Amino acid sequence: MPVDTINSRFAIVTGSSSGIGLAVTSALLNQGVKVLAMSRKKGELAPLLSHFGEQLIWCKGDVTQASDLDKLAALAKDIGPVDYLVPNAGIAQLGDSLDAEAFHRQWAVNGAGALNTLAVLRNQLAPQASVVFIATFLSAITFPGLGAYIASKSALKAQARTLAVELAEAGIRINLVSPGPTATPIWGSLGLDETSLNSVATSVCQRLLTGQFLEASAVADAIVFLLSDAARGIYGQDLIVDAGFTLS
């Protein structure tokens, strides 16, 4: 993406301390965007904060907490109109697909957390602002034990596509990226032992055309593209970045 299309813009990224959120934050910073990054811990943001100085601002917060989202909005208001928004914060937990509590826990972050982030910032979005939500490639298939996670992301997708229509008149573009198997810490949070995790990884890699998990930067590049003016004609679409997993 040419630097002059996004230089001096302002972005907000949640769930920015690791994985895809960190990769998006890094990509935007490297292209001259000022970023307000929100996460519960600094995590891997620390080197970026040191390197980019005032170009990167960190807000400690949890997207399930209204007070934290209000704090994020207050910080954003002091900086200026928000050109790019990536409500990336998400969790994945294994559980029985009939476990309602498992769905509520994951919806609180993956769905409500993302939508409430947009809601609290709605009036601070710049003209021609762009929003990219994070869905999942699993909406097109199944994965035992992740029914609640898939449901939370699929419900988010339905609402995001409707919002794309509702907010288009205001000049706001909304799209989604559905990452495939990506090498991020979220896999380690599933609660699988090392043997089981390795077995799952081996099975997954057999369906990837590249034979290996995606790098977070590959997903981040797709997100940054959808944020940019190069994607100005794209509304309400779900870009699946899965190294061909869903082809087989």
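Note that this is a predicted model, so its numbers are computed, not measured.

Procedures and definitions
- Starting afresh in each chain, residues are numbered from 1 along the sequence in its written order.
- With pLDDT at 70 or above as the cut-off, local features in this predicted model cover only qualifying residues; side-chain atom pairs require 80 or more to be listed or tallied, and sums for whole chains, interfaces and linings still use all residues.
- Processing note: side-chain calculations cover all non-hydrogen atoms of the structure and skip hydrogens and water entirely.
- One speaks of a salt bridge when a side-chain nitrogen belonging to Lys or Arg is within 4 Å of a carboxyl oxygen belonging to Asp or Glu.
- We count a stretch as a helix when DSSP gives it H or I for four or more residues in a row; a strand needs E for two or more, and each element gets its number in order from the N terminus.
- Any residue under 20% of the maximum accessible area for its type is buried, any over 50% is exposed, and the rest in between are partly exposed; the area is computed with a 1.4 Å probe on protein chains only.
- It only takes one pair of heavy atoms within 4.5 Å for two residues to be counted as in contact.
- Each polar contact in these results corresponds to two N or O atoms within 3.5 Å; when the atoms are within protein, one needs to be able to donate a hydrogen and the other to accept it, and residues that are neighboring in sequence are counted only if both atoms are side-chain atoms.
- Whenever a helix is involved, its axis is fitted only over the stretch in contact; in every case the axis is a line through C-alpha atoms, and angles between N-to-C directions fall within 0 to 180 degrees.
- For classification purposes, angles smaller than 35 degrees are called roughly parallel, those larger than 145 roughly antiparallel, those between 65 and 115 roughly perpendicular, and all remaining angles oblique.
- An expected span of 1.5 Å times one less than the residue number is assigned to each helix.
- Crossing chirality is assigned from the near helix's rotation relative to the far helix, an anticlockwise turn below a right angle marking it left-handed and a clockwise turn marking it right-handed.
- Residues are grouped as follows: Ala, Val, Leu, Ile, Met, Phe, Trp, Tyr, Cys and Pro are nonpolar; Asp, Glu, Lys and Arg are charged; every other residue, Gly included, is polar.
- Only residues above 30% relative accessible area that lack a salt bridge enter a patch, with like-charged residues linked at up to 9 Å and the nonpolar side chains Val, Leu, Ile, Met, Phe, Trp and Tyr linked at up to 5 Å.
- All accessible-area figures derive from a Shrake-Rupley calculation using a 1.4 Å probe, and residue coverage is judged against the displayed protein chains alone.
- Working convention for charge: Lys and Arg count positive, Asp and Glu count negative, and His plus the chain ends are omitted.
- The atoms used to mark charge sites are NZ of Lys, CZ of Arg, CG of Asp and CD of Glu.
- Both site types are read off a 1 Å grid over the protein atoms alone. A 1.4 Å probe that fits but cannot get out defines a cavity, while an open set with protein on both sides within 12 Å along at least five of seven lines defines a pocket; lining residues have an atom within 4 Å of a point.
- Grid points are joined across faces, edges and corners, and a volume is the space filled by probe spheres set on the points.

Peer 1: Explain the pattern of salt bridges to me, using residue names and the numbers behind them.
Peer 2: Here the idea is simple: oppositely charged side chains can pair when their charged atoms come close. Taken as a whole, this structure holds two salt bridges when the rule is applied. A salt bridge links R9 to D229, with the shortest nitrogen-to-oxygen separation between them at 3.4 Å. In this pair, R9 sits in the segment before β1 (10-14) while D229 sits in the loop between α8 (216-227) and β7 (238-241), placing the two residues 220 residues apart along the sequence. The class of D229 is partly exposed, set by a relative accessible area of 33%. Measuring nitrogen to oxygen at the nearest pair gives 3.2 Å for the salt bridge that ties K157 to D238. With K157 in helix α6 (residues 147-168) and D238 in strand β7, this residue pair connects regions lying 81 residues apart in the sequence.

Peer 1: Can you lay out the environment of R105 for me, pointing to particular residues and giving the numbers?
Peer 2: Looking at the secondary structure, you find R105 in helix α4 (residues 100-110). Expressed as a C-alpha distance, the spacing of R105 and L156, which sit 51 residues apart in the sequence, is 14 Å. Those residues in contact with R105 that sit more than four places away from it in its chain are I91, Q93 and D99. Side chain to side chain, R105 and Q93 meet in a polar contact 3.0 Å long.

Peer 1: Explain the packing of α4 against helix α5 (residues 112-121) residue by residue, including any values.
Peer 2: Remark: α4 packs on α5, axes separated minimally by 3 Å, with the N-to-C direction vectors making an angle of 30 degrees. Judged by the inter-axis angle, α4 sits roughly parallel to α5. Seen from α4, the contacting residues are W107, A108, V109 and N110; seen from α5, they are A112, G113, A114 and L115.

Peer 1: Pulling in residues and values, what's your account of helix α1 (residues 19-30)?
Peer 2: Between its terminal C-alpha atoms α1 stretches 17 Å, which fits the 16 Å expected from 12 residues at 1.5 Å a residue. With 10 of 12 residues buried, α1 is to be regarded as a mostly interior element. Turning to α1, its buried residues are G19, I20, G21, L22, A23, V24, T25, A27, L28 and L29. Looking one or two residues past α1, G32 carries a phi angle of roughly 90 degrees, positive in sign.

Peer 1: Would you mind going over the packing of α4 against α6 in detail, with residue names and values included?
Peer 2: Contact geometry of α4 with α6 gives a least axis separation of 8 Å together with a crossing angle of 40 degrees. With respect to α6, the element α4 is oriented oblique. The two elements α4 and α6 meet at a crossing, and its hand is right-handed. Every residue of α6 that contacts α4 at A102, F103, Q106, W107 and N110 is listed here: A148, Y149, A151, S152, K153, A155, L156 and Q159. In terms of residue class, the contact of α4 with α6 is built from eight nonpolar, four polar and one charged.

Peer 1: Can you tell me about a positive patch on the surface, naming the residues and giving the values?
Peer 2: Taken together, the side chains of R40, K41, K60 and K71 present a region of like positive charge at the surface. Residue placement: R40 occurs in the loop between β2 (34-39) and α2 (46-52). Judged by its relative accessible area of 57%, R40 is exposed.

Peer 1: So what's going on with the layout of surface pockets? Residues and values would help.
Peer 2: Here the largest pocket defines a volume of roughly 1,000 Å³. Forming the walls of the largest pocket are 41 residues, and the residues nearest its centre are N88, A89, G90, I91 and I186. Contributions of two or more residues to the lining of the largest pocket are made by α1, β2 and α6. No other element matches α1, which puts three residues into the lining of the largest pocket. Class assignment for the residues of the lining of the largest pocket results in 22 nonpolar, 15 polar and four charged.

Peer 1: Hey, could you go over unusual backbone geometry for me, with residue numbers and the actual values?
Peer 2: Positive phi, close to 65 degrees, is recorded for Q128, a residue that is not glycine. Structurally, Q128 is set in strand β5 (residues 125-134). A relative accessible area of 60% means that Q128 is categorised as exposed. The backbone of A243 shows a phi angle near 55 degrees, a positive value even though the residue is not glycine. Of the residues examined, A243 reaches a relative accessible area of 17% and is grouped as buried.

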